[in-house]
Amino acid sequence: MQKPSKIVIEKKPPQLSDVDLDGSYITDRDSYESKLKKLQKRILAIQQAYHHQGRRAIIVFEGWDASGKGGAIRRLTERLDPRGFKVHPIGVPTSNEQGRHYLYRFQTRLPKPKSWAIFDRSWYGRVLVERIEELCPEHAWQRAYHEINEFERMLSDDDVRIVKLFLHIDPDEQLHRFDERLNNPYKRWKLTEEDIRNRDKWDQYTEAINDMLTYTSTQASPWHLIAGNHKWFARIQVLKTIADQLSEGIDITPPELDPKMIKAAEKKLGLTIKE
């Protein structure tokens, strides 16, 4: 009988203060688009390997309001086979989900074999917004660190690969992006009163985020902090992190063709494998 793996918290969990928000950036569009195209091609090959091998993956996006989660997810998915992934934007629980254990609505969204589940916000809302807005009692969000670690351990033990990303920006950059959204009719829908109110609780959220990183960055499912002040740089780092994590220890070589299919193609269609 296989024993469950032990949950081990990283010896030095990441903290927001570790992130150099302005230390790296990309200013040349051609360079950005070239790197983006190569990473998207690499991730497509990884997705195909997961499909052929019946593997599953979960990609979790957390971050400040306007930190670039949506833009990063679009760049991640725009060249993927749409049959092999599903994006789950997480908001307020539905009437059917309310009153149930908070992990219920995530358990119903876990990926099937050969597919990826991408979460735009996630179960970490219990220790972030629900903690800060007092939507659950303190003992509930304090208990959640252990529950979440056990949840992710269960998934990892079941051979599900988990990649967790937090996009970090500073208050000045967030204000700049809010201004851009407010004055762009096509982006105005992204800005909400809740986003504006949350700025008043920046310090509280910083403390909650650092606690989340401290107590849930495990060796099996570590957190990856992304410097998000510069969008092009952040998107490249997101895709590179995902590619590195999902390909580690995975054979992404395309599978050999079925000999029966090769014979059928030659006999029925006159097609042969070109050397």
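A few points on the structure. (Residues numbered from 1 in each chain as written. Predicted model: local features only at pLDDT ≥ 70, side-chain atom pairs only at ≥ 80, totals over all residues. Heavy atoms only, no water.)

## Some details on the overall build of the protein chain
Let me state the cut-off plainly: A run of DSSP states H or I qualifies as a helix once it reaches four residues; a run of E qualifies as a strand once it reaches two. Both are numbered from the N-terminal end. To get the radius of gyration, use the C-alpha atoms; to get the globule rule, take the number of residues to the power 0.38 and multiply by 2.2 Å. Note on definitions: a residue-residue contact is assigned when non-hydrogen atoms from the two residues lie within 4.5 Å. Using a 1.4 Å probe, the Shrake-Rupley method yields the accessible areas, and only the shown protein chains count as cover for residues.
Of the regular secondary structure elements, the protein chain holds 10 helices and five strands. The C-alpha atoms of the protein chain give a radius of gyration of 21 Å, which matches the 19 Å a tight globule of 275 residues would have. Overall size of the protein chain, expressed as C-alpha extent along the three principal axes, is 70 × 55 × 40 Å. If you take every contact in the protein chain between residues at least 6 apart in sequence, the share linking residues at least 24 apart comes to 81%. Accessible surface for the protein chain amounts to roughly 16,200 Å². Of this, 50% is attributable to carbon and sulfur atoms.

## A look at the side chain of His-168
Our working definition: Relative accessibility thresholds used throughout: buried, under 20% of the residue-type maximum; exposed, over 50%; partly exposed, between the two (1.4 Å probe, protein chains only). Two N or O atoms form a polar contact when they lie within 3.5 Å of each other; inside protein one atom must be a possible hydrogen donor and the other a possible acceptor, and for residues adjacent in sequence the pair counts only when both atoms belong to side chains.
Take His-168: it is sitting in strand E4 (residues 160-168). Residue classification places His-168 among the buried positions, given a relative accessible area of 8%. There is a polar contact of 2.9 Å between the side chain of His-168 and the side chain of Trp-64. Residues in contact with His-168, not counting those within four places in the same chain, are Leu-16, Val-19, Leu-21, Trp-64, Ile-226, Ala-227, Gly-228 and Asn-229.

## Structural notes on a nonpolar patch on the surface
Counted only if it meets this: To count toward a patch, a residue needs a relative accessible area over 30% and no salt bridge; like charges are then connected within 9 Å, while nonpolar side chains (Val, Leu, Ile, Met, Phe, Trp, Tyr) are connected within 5 Å. Any carboxyl oxygen of Asp or Glu within 4 Å of a side-chain nitrogen of Lys or Arg constitutes a salt bridge here.
A grouping of Leu-257, Met-261 and Ile-273 is seen on the molecular surface, where their side chains present a nonpolar patch of about 280 Å² in accessible area. You can see Ile-273 is positioned in the segment after helix H10 (259-269).

## Thoughts on helix H8 (residues 202-216)
To keep it simple, the criterion reads: The span expected for a helix works out to 1.5 Å for each residue beyond the first.
Between its first and last C-alpha atoms H8 spans 21 Å; for 15 residues at 1.5 Å apiece the expected length is 21 Å, and the two agree. Of all the residues in H8, the buried ones are Trp-202, Tyr-205, Ala-208, Ile-209, Asn-210, Asp-211, Met-212, Leu-213 and Thr-216. Its buried side turned inward, H8 meets helix H4 (129-132), helix H5 (138-157), E4, helix H6 (171-182), helix H7 (193-198) and strand E5 (223-227).

## Section: the environment of Phe-233
One can find Phe-233 in helix H9 (residues 231-247). Measuring from C-alpha to C-alpha, the distance between Phe-233 and Trp-202 comes to 24 Å, with 31 residues separating the pair along the chain. Look past the residues within four positions of Phe-233 in its chain and what remains in contact with it is Ser-24, Tyr-25, Ile-26 and Ala-227.

## A look at the pattern of salt bridges
Applying the stated rule across the entire model yields 22 salt bridges. Measuring nitrogen to oxygen at the nearest pair gives 3.8 Å for the salt bridge that ties Arg-121 to Glu-62. Linking Arg-121 in the loop between strand E3 (116-120) and H4 with Glu-62 in strand E1 (residues 56-63), this pair joins segments that are 59 residues apart in sequence. For Glu-62, a relative accessible area of 2% translates into the label buried. We note a salt bridge from Arg-126 to Glu-130, for which the minimum N-O separation is 2.8 Å. With respect to class, Arg-126 is no different from Glu-130; both count as buried. Through salt bridges with shared partners, a single network forms among Arg-42, Lys-240 and Asp-244.

## Comments concerning the environment of Val-87
For Val-87, the location among the structural elements is in strand E2 (residues 85-89). Separated by 64 residues in the primary sequence, Val-87 and Phe-151 place their C-alpha atoms 20 Å from one another. When neighbours within four sequence positions are excluded, Val-87 is seen to be in contact with Ile-73, Thr-77 and Ile-118.

## Brief notes about the packing of aromatic side chains
Filter applied, for reference: Aromatic pairs are defined between Phe, Tyr and Trp rings, using the six-membered ring for Trp, whenever the two ring centres lie within 6.5 Å; interplanar angles under 30 degrees are classed as stacked, those over 60 as edge-to-face, and all others as tilted.
The tally for this structure, following the rule as stated, stands at 11 aromatic pairs. One aromatic cluster in this structure is built from Phe-106, Phe-119, Trp-123, Tyr-124, Phe-151 and Trp-223.

## Here's the deal with the packing of H5 against H8
Here is the rule we go by: Between N-to-C directions, angles cover 0 to 180 degrees, with each direction set by a line fitted to C-alpha atoms, over the stretch in contact for helices. Every angle not falling under 35 degrees, over 145, or within 65 to 115 is termed oblique; those three ranges are roughly parallel, roughly antiparallel and roughly perpendicular. Working rule for handedness: look at the near helix, and if it is turned counterclockwise from the far one by less than a right angle, call the crossing left-handed; if clockwise, right-handed. All amino acids are sorted into three groups, where Ala, Val, Leu, Ile, Met, Phe, Trp, Tyr, Cys and Pro are nonpolar, Asp, Glu, Lys and Arg are charged, and the leftover types, Gly among them, are polar.
Two elements in contact, H5 and H8, have axes separated by 10 Å at closest approach and are oriented at 50°. Classified by the interaxial angle, the pair formed by H5 and H8 is oblique. For the pair H5 and H8, the sense of crossing is right-handed. Residues Tyr-145, Asn-149 and Glu-152 of H5 pack against Asp-211, Met-212, Tyr-215 and Thr-216 of H8. Tallied by class, the residues present in the contact of H5 with H8 amount to three nonpolar, two polar and two charged.

## Some points on the pairing of E3
Where we set the bar: Pairs of strands are assigned from DSSP output, requiring at least two bridges between the strands.
Of all five residues in E3, four are buried, a share of seventy percent or more. Where E1 lies against E3, five bridges are found, and the strand directions are parallel. In the strand pairing of E3, Val-60 is matched with Phe-119. Taken together, the five bridges between E2 and E3 define a ladder with parallel strand orientation. Pairing of Pro-89 across the sheet is with Asp-120, part of E3.

All quantities given are derived from atomic positions and should not be read as evidence of function.
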